[in-house]
Structure formats: structure tokens, C-alpha cells
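Residue-level structure breakdown
In case you want the letters, here they are:
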Amino acid sequence: MSQPDATPPEREDPRWDDLVKNFQQLDAQAPREPSAQERADHLKKLFNTGPGAMNGPRDFAPEESDESFVPDEPAALGSGDPMLNLAWTAAAGGPIGLLLCVLFFRSAPAFVVIGLALATVAGIVYLLKRLPTEHDPGDDGAQV
């Protein structure tokens with residue numbers, strides 16, 4: 001880009017000046033966007049009417065306390081039931097192993113394919129057997 005192209009022309013363009021004036025007039029007539037505080041005041045006036053009006057959940061300011069919540073240390077990975085870990089490994093690792101055999105090791109021996117399939121089935125059966133069988137009538141199923 002040469003230097004003469006970078007500078008605007010020296011002559012006046014009346015049509016351009018007219019367009020700019022029209023845009024300035026439109027901008028001056030446009031309604032102003034209310035600020036966040038003005039919106040909050042307007043909403044409070046709309047919805048908090050009458051005697052005994054209650055505040056909503058977002059109007060709650062928590063109390064400051066000196067003590068802070070420190071959660072317990074989580075259990076180490078793999079410290080649970082080893083049979084459960086083995087069953088999950090077999091149920092998830094068997095199909096992954098079969099997929100890898102199909103993709104990369106087409107001439108895999110039959111005992112590898114059969115072993116992976118049996119490990120998958122055994123893992124799924126063990127996981128299904130561990131599911132609870134009786135339902136407590138007082139329990140709605142929700143746990144924290």
C-alpha cells in the first residue's frame with residue numbers, strides 16, 4: 001500500500017456528510033439501555049409489592065463465619081473391593097481388547113479372542129450379581 005492510498009482524500013463529500021448526520025440523529029433518538037442497577041430496581045418494584053413481600057433466593061446474603069468447611073480426604077484409588085475392580089476391568093477391557101484385536105492383530109489366536117469374550121461376560125455377570133435384589137419400601141432411592 002503506497003503512502004498516497006493511506007491518506008483520505010482532501011475533498012469534501014456532501015453525501016457522506018449527510019449520511020453521518022442522519023446516523024447521529026438516529027443514535028440520539030434511540031432509547032437508552034438501562035443499567036444493571038436500574039433493571040434490578042425496576043424488577044424489585046415489579047415483583048416485591050404489597051405488605052410482607054418476601055425476598056427471593058438470589059436476595060439472600062450468606063452469613064460470614066470464621067470456620068471454613070474442609071472436606072474429608074477421599075479414599076485412595078483402588079482401595080475398594082479388588083473383585084469389583086477386576087470385574088469393571090474385565091467388563092470394560094474385554095470389548096476394548098476385542099476391538100484392538102480386530103483393528104491391529106487380525107491373526108490373533110482363537111484362545112485370545114475367546115478369553116477376552118469370556119472375561120467380558122464374566123465381568124458383566126459379576127457386576128449384575130452384585131446389584132441389590134430387594135427394595136426397601138421406605139427408601140426412595142435418593143442418596144447423598
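This text goes with the structure placed above it.
Treat the numbers as computed from the prediction; the structure is a model and nothing was measured.

Calculation criteria
- Residues numbered from 1 in each chain as written.
- Predicted model: local features only at pLDDT ≥ 70, side-chain atom pairs only at ≥ 80, totals over all residues.
- Heavy atoms only, no water.
- Helix = DSSP H or I, 4+ residues; strand = E, 2+ residues; numbered from the N terminus.
- Axes fitted to C-alpha atoms, helices over the stretch in contact; angles between N-to-C directions.
- Left-handed = near helix turned anticlockwise from the far one by under 90°.
- Contact = heavy atoms within 4.5 Å.
- Nonpolar A, V, L, I, M, F, W, Y, C, P; charged D, E, K, R; others polar.
- Patch = residues over 30% accessible without salt bridge, like charges linked within 9 Å, V, L, I, M, F, W, Y side chains within 5 Å.
- Areas by Shrake-Rupley, 256 points an atom, 1.4 Å probe, with all protein chains shown as cover.
- Salt bridge = Lys/Arg side-chain N within 4 Å of Asp/Glu carboxyl O.
- Lys, Arg positive; Asp, Glu negative; His and termini not counted.
- Charge placed at Lys NZ, Arg CZ, Asp CG, Glu CD.
- Buried < 20%, exposed > 50% of the residue type's maximum accessible area, 1.4 Å probe, protein only.

**Concerning the environment of Ala 92**
Take Ala 92: it is sitting in helix α4 (residues 82-104). It is 8.9 Å that separates the C-alpha atoms of Ala 92 and Ile 124, two residues lying 32 residues apart in sequence.

**With respect to the packing of α4 against helix α5 (residues 110-129)**
Between α4 and α5, whose axes approach to 7 Å, the crossing angle comes to 145°. As α4 runs across α5, the sense of the crossing is left-handed. Contact residues: Met 83, Leu 84, Ala 87, Trp 88, Ala 90, Ala 91, Gly 94, Pro 95, Gly 97, Leu 98 and Cys 101 in α4; Val 112, Val 113, Leu 116, Ala 117, Ala 119, Thr 120, Gly 123, Ile 124, Tyr 126 and Leu 127 in α5. Each residue belonging to the contact of α4 with α5 can be placed in one class, and the counts come to 17 nonpolar, four polar and no charged.

**Considerations on a negative patch on the surface**
The grouping of Glu 12, Asp 13, Asp 17 and Asp 18 at the surface amounts to a negative patch. For Glu 12, the location among the structural elements is in the loop between α1 (3-6) and α2 (14-29). On the basis of relative accessibility, which here comes to 61%, the residue Glu 12 falls in the exposed class.

**Notes on the side chain of Thr 120**
Relative to the assigned elements, Thr 120 resides in helix α5. Taking relative accessible area as the criterion, Thr 120 reaches 11% and is therefore assigned buried. Not counting chain neighbours up to four residues away, the residues in contact with Thr 120 comprise Ala 90, Ala 91, Gly 94 and Pro 95.

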